[in-house]
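Structure assessment
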Amino acid sequence: MITPANTTDNRKRAKARLPKMMFDYFDGGAFSEQTLRENTGDFQRLHFRQRVMRDVSSASAAAHILGQDVALPLVLAPVGLAGMLARRGEVQAARAAQKNDVSFCLSTVSICSLEEVADATGPANWFQLYVLKDRAYSEALLNRAHKAGYSTLVFTVDLPKLGVRYRDVRNGMNGGLSPWGKLQKLSDLLSHPLWLWDVAIKGKPLTFGNLSDAVPSGRNPEDFKAWVDKQFDASVTWQDLEWVRQHWPGKLVIKGIMDPDDARSAVGVGADGIVVSNHGGRQLDGAPSSISALPAIVEAVSGKTEILFDGGVQSGQDIVRALCLGANGCMVGRAWAYALAAGGEAAVSQMLENFRYEVELTLALLGKNSVEQLGPDDLL
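Below or above, wherever it landed, is the structure these notes cover. Predicted, not measured: the structure shown is a model, and the values here were computed from it.

1. A look at the layout of surface pockets
Estimated volume of the second largest pocket: approximately 540 Å³. Lining the second largest pocket are 27 residues, and of these Val157, Asp158, Leu159, Pro160 and Gly256 lie nearest its centre.

2. As for a nonpolar patch on the surface
Residues Phe31, Val164, Tyr166 and Val169 make up a contiguous nonpolar surface patch of about 320 Å² in total accessible area. Within the fold, Tyr166 resides in helix H7 (residues 166–170).

3. A word on the packing of aromatic side chains
To describe a pair of aromatic rings, one takes the distance between the centres and the angle between the planes. Evaluated as defined, the whole model comprises seven aromatic pairs. Geometrically, the ring pair formed by Phe43 and Phe309 is edge-to-face, given 5.7 Å between the ring centres and 90° between the ring planes. Within this pair, whereas Phe43 is found in the loop between helix H3 (34–41) and strand S1 (63–65), its partner Phe309 is found in strand S9 (residues 306–310), the two being separated by 266 residues in sequence. In this structure, Phe43 and Phe309 share a single accessibility class: buried. On the numbers, 6.1 Å between centres and 70° between planes, the contact of Phe127 with Tyr150 is edge-to-face. Of this pair, Phe127 sits in strand S5 (residues 126–130) while Tyr150 sits in the loop between helix H6 (135–147) and strand S6 (152–156), and the two are 23 residues apart along the sequence. By relative accessible area, Phe127 is classed as buried at 0%. Look at Tyr150 and you get buried, because its relative accessible area is 4%. Sitting over the ring of Trp243, Arg135 keeps its end group 5.9 Å from the ring centre. Above the ring of Tyr25, the side-chain terminus of Arg282 is found at 4.9 Å from the ring centroid.

Rules used in this analysis
Residues numbered from 1 in each chain as written. Predicted model: local features only at pLDDT ≥ 70, side-chain atom pairs only at ≥ 80, totals over all residues. Heavy atoms only, no water. 1 Å grid on protein atoms, 1.4 Å probe; cavity = no way out; pocket = protein on both sides within 12 Å on 5 of 7 lines; lining within 4 Å. Points joined across faces, edges and corners; volume = space filled by probe spheres on them. Patch = residues over 30% accessible without salt bridge, like charges linked within 9 Å, V, L, I, M, F, W, Y side chains within 5 Å. Areas by Shrake-Rupley, 256 points an atom, 1.4 Å probe, with all protein chains shown as cover. Salt bridge = Lys/Arg side-chain N within 4 Å of Asp/Glu carboxyl O. Helix = DSSP H or I, 4+ residues; strand = E, 2+ residues; numbered from the N terminus. Phe/Tyr/Trp six-rings, centres within 6.5 Å; stacked < 30°, edge-to-face > 60°. Buried < 20%, exposed > 50% of the residue type's maximum accessible area, 1.4 Å probe, protein only. Lys NZ or Arg CZ within 6 Å of the ring centre and 35° of its normal.

Given below as C-alpha cells:
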C-alpha cells in the first residue's frame, strides 16, 4: 500500500505497526463489541438523496462550532494514551488539527501534558475531564487548563465504572498475566522494533502527563492506571455539574448522552453543548449505536444547546449523515488514532484533508453549498 485512502487503510497500517496489546486497546470495545460494530454498521443503512443540476460551485465544509469558525464540522475527540501511538502523539495530532483549522480535545489520561500540547500549538484547544473523586485535583486540572488557554471543557459522564473490555483482559492490560503470557507480551514488543525505538524509547516520558503530581512515583502508564481506576466516581449526579460550572469559566460540553431525558438534564444545568456518544462502544455493550440514538435527542433539545455526535465516524460522508440528522458537528476518535499510528502528524493531517473533501463532494452531490443547508430530507 503506497497511500492510505481511508480510515480502513489507516487501521491496517496501525495494526501492522503497533504491538498487539496496544492496537487492541485502541481498536476494541466492551464485552462482545456489539455496540462497537453497530456504531459503524448503522451508518451504512442511511442512504443519501442525490440531487443534480444545481449550482454547487461554492460547496464548503466550513462550519461554526461553539463560537468558533472551523474549516470542517469536526473535533478530534479525546483519546487516552494517544502518546503510545506515536512519539509525543497528542502534540502531533494537535498540530495536524491546528494546520487544518479544526479543534483538538486533549484527554485527561494523555501522555503529553496539557501544557506541552498548548506550548506546541497555542491556545483554543479543548480539554476533557473525567468525573474524579479527588475534587481538589480536578480543580487543579481545570485551573491548569484555563491558564494554558484551553477554551472548552468536555466533561465525560459515562464512566461511573470502567467497562469490561475482553481484549484488554486477554492482553494483560489489567494485569494478571501468567509467565507464558508475559513471554508472549515480550515477544510481541520485540517484534515491533520501530515502535519500540520511536515511541517506547525516544518518546519518553511515557507517563500520564496531566497526572504527574497525583502519582509522583509513576514511571510508566501502568503506575498511573491504578490511581485513575480508583478515581472514577459512581456517586456523581447532575447536581455535581454546579461544581464544574463554579470552577470552569469557559464553554462546557457534556459527553456521554444517549437518552433524551439526559439531554434535557444537560440543558437544565446550562451545558453549552452535549455529545451524543456511547464512548465508542467501550462502556455499555448492547446500547444502541450513537447514530440511531441521535434523532430522538435532536428532537428533545435542538436549538437549546449545541449537539455534537461521536461514535463510528469513519469518513466525511459519515459526518454529513450525522449533520443531516441534526448534529451541529462530529467528534472523531479512532479514525485519527489509526492515522496517528499509521503515519504521525502527516497522516492525521491527510485524514483531515480527505474528510474535508469528502464532505464538500457529498454536499455537491446532494445539491447543497453549506453544511447549514443539510436536513433529514437529504436522507432516504
